[in-house]
Amino acid sequence: MKARIQNSFLTLLLFLSGIVTAQTVNVGELFITSGTTMSTVGAMDNKSSGNLFNDGEFILYSHYNNDGLVSFSSGSHSGITRMIGSTGFQQISGTMPMQWNDAEFKNSSIQPAFHLSNEVSISGTANFQQGIINDDEYGGLLVFENKSKHINVNDNSHVDGKVQKIGQEDFIYPIGDKNKYRFAGISAPKEILSSFTGKYFLEDSNALYPHSQKAKEIVLINNQEYWTLDKTAGNSDVMLTLSWDESSTTPADVLVSPQSSIHIVRWDEAQNRWIDEGGVVDSDKKTVTTPVNVSGYNVFTTARVDDGIVLPCSTLTVYNAVSPDGDGKNEYFKIDGLTECS
């Protein structure tokens, strides 16, 4: 079967067919050309033999499953997939990842509105009109490719779970938990194939990562929320930005003056304790950013530190043998322990 959707008349037939059969199934090649709209009221099921290319407008009012190929034409930037629900949640499922250009998520009938168990990658713009995408409970993943972006993220429309970013741009993660949008951001990695995955938890980290186990300069650790950031591809490192919200999440005793004492702290698996990653505060944006690239990844939160504490650097080792003669031995002046004493 090969169908090429090229005009509104054929689109209307498919739309009416969706009403009668309650499901749209593709087992061959389906092309939605630029300037054309296709809609399906019932669930969309792209079978393992199906190839679906969307260079136009694809509107789905129910579930979307893919076991074949869902993509768009190389070099095309005109396609948009609109998940628009009115009668309940919409599943985005399947065994094969989907590649969308632009996306719109708009479903106000229930929260979370979108149950994501598949992997969906966005190459253009994701418009979070209404409805939370939950991939935390369903095992899916939303991926933003190089040069992609998102708009209109808020408490009622974000991702509850993991979001992955690929590419060289700085990025704000559209993440939240328990109906709270609480973003994290990264600086631009150097490598285009870099990949970082972020997630937000509106819960106390103390049970898993004891707050009593911390560096001496850390006075008080946020006991309401934490984030994870993992480097999932590439060798680049990034600076991390975390947001705060004194009205609903971040404890007031972490935010008391001076705000310059608000830092980002990280749970270090090797040391089995929280360490200070530093912090540059933007009071207007309610964010704190590490002054340099983070020294490691995984679990982060905000904390209050005592800037007046000077730690002993007993772990410093200075190697005084230097012989830059090209034999591969002692070519550089070397100091061990700088990370621990920073």
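Look a little higher up for the structure.
So, how was this worked out
Residues numbered from 1 in each chain as written. Predicted model: local features only at pLDDT ≥ 70, side-chain atom pairs only at ≥ 80, totals over all residues. Heavy atoms only, no water. Helix = DSSP H or I, 4+ residues; strand = E, 2+ residues; numbered from the N terminus. Buried < 20%, exposed > 50% of the residue type's maximum accessible area, 1.4 Å probe, protein only. Contact = heavy atoms within 4.5 Å. Pairing = 2+ DSSP bridges. Axes fitted to C-alpha atoms, helices over the stretch in contact; angles between N-to-C directions. Core = buried A, V, L, I, M, F, W, Y, C linked by side-chain atoms within 4.5 Å. Polar contact = N/O pair within 3.5 Å; in protein donor to acceptor, adjacent residues only side chain to side chain. Salt bridge = Lys/Arg side-chain N within 4 Å of Asp/Glu carboxyl O. 1 Å grid on protein atoms, 1.4 Å probe; cavity = no way out; pocket = protein on both sides within 12 Å on 5 of 7 lines; lining within 4 Å. Points joined across faces, edges and corners; volume = space filled by probe spheres on them. Nonpolar A, V, L, I, M, F, W, Y, C, P; charged D, E, K, R; others polar.

Draft legend 1. Just the overall build of the protein chain, in detail. Helix and strand content of the protein chain: three helices and 36 strands. The buried share among the 342 residues of the protein chain stands at 47%. In the protein chain, once contacts between residues fewer than 6 apart in sequence are set aside, the share between residues at least 24 apart is 50%.

Draft legend 2. Just the sheet that holds strand S2 (residues 23-26), in detail. Spatially, the nine strands line up as an open sheet ordered S2-S5-S8-S11-S14-S17-S20-S23-S24, and their pairing is mixed. Two strands close off the open sheet at either side, each with one partner strand: S2 and strand S24 (180-181). The pairing of strand S14 (residues 114-116) with strand S17 (residues 133-134) spans two bridges and is classified as parallel. Considered in S17, the bridge of His115 is made with Asn134.

Draft legend 3. Representation of the sheet that holds strand S33 (residues 287-289) within the structure. Strand order in this open sheet of five strands is S22-S25-S29-S33-S32, and the pairing throughout is antiparallel. Each of the sheet's edge strands pairs with one partner strand only, and the pair in question is strand S22 (171-173) and strand S32 (280-282). Adjacent strand axes in the sheet meet at a mean angle of 20 degrees when their direction is disregarded. Sheet analysis places strand S29 (residues 240-243) next to S33, joined by three bridges and oriented antiparallel. In the sheet register, Thr241 faces S33, and the bridge partner there is Thr289.

Draft legend 4. Seen up close, the nonpolar core. Counting 51 residues, the largest nonpolar core has Tyr64, Ile92, Trp100, Phe105, Leu142 and Leu229 as the members making the most contacts within it. Among the nonpolar cores identified, the runner-up in size contains 12 residues, and Ile218, Trp267, Trp274 and Ala303 belong to it.

Draft legend 5. Region of the structure containing the environment of Thr37. By the element assignment, Thr37 lies in strand S4 (residues 37-40). Looking at Thr37, the relative accessible area reads 29%, which means it is partly exposed. Sequence separation between Thr37 and Ile80 is 43 residues; the distance between their C-alpha atoms is 9.6 Å. Among the polar contacts made by the side chain of Thr37, one reaches the side chain of Glu57 at a distance of 2.6 Å.

Draft legend 6. Region of the structure containing the pairing of strand S16 (residues 125-130). Relative to S16, strand S13 (residues 102-107) runs parallel, the two sharing four bridges. Along S16, the bridge assignment pairs Ala103 with Ala126. When S16 meets strand S19 (residues 149-151), the two strands line up parallel, connected through three bridges. Across the sheet, Thr125 pairs through a bridge with Lys149, a residue of S19.

Draft legend 7. Highlighting the pattern of salt bridges. Evaluated as defined, the whole model comprises 12 salt bridges. A salt bridge links Asp136 to Lys199, with the shortest nitrogen-to-oxygen separation between them at 2.6 Å. You can see Asp136 sitting in the loop between S17 and strand S18 (141-144) and its partner Lys199 sitting in strand S26 (residues 195-201), a full 63 residues away along the chain. Overall, Asp136 belongs to the partly exposed group, its relative accessible area being 39%. One salt bridge in this structure joins Asp268 and Arg266, with 3.1 Å as the shortest N-O distance. For Asp268, a relative accessible area of 10% corresponds to the buried category.

Draft legend 8. Inspection of empty space enclosed by the protein at higher detail. The final tally for this structure, using the stated rule, is two cavities of 30 Å³ or more. Of the volumes computed, that of the largest cavity is approximately 50 Å³. Along its surface, the largest cavity is lined by Leu52, Asn54, Phe58, Tyr64, Val70, Ser71, Phe72, Thr81, Gln99, Trp100 and Asn101. Taken together, the residues of the lining of the largest cavity sort by class into six nonpolar, five polar and no charged. In this structure, the second largest cavity occupies an estimated 40 Å³ of space. Examining the composition of the lining of the second largest cavity, we find that three residues originate from one element, strand S28 (residues 226-233), more than from any other. Taken together, the residues that form the lining of the second largest cavity break down as eight nonpolar, two polar and one charged.

Draft legend 9. Representation of unusual backbone geometry. Along the chain, Gln111 connects to Pro112 via a cis peptide bond; the corresponding omega equals -5 degrees. Positionally, Pro112 belongs in the loop between S13 and S14. For the bond from Ser257 to Pro258, the omega torsion is 0 degrees, close enough to zero to count as cis. Checked against the element boundaries, Pro258 lands in the loop between helix H2 (252-255) and strand S30 (262-268). For Lys178, which is not a glycine, the phi torsion comes out positive at approximately 55 degrees. The topology assignment puts Lys178 in the loop between strand S23 (175-177) and S24. Among the residues examined, Lys178 registers a relative accessible area of 48% and is labelled partly exposed.

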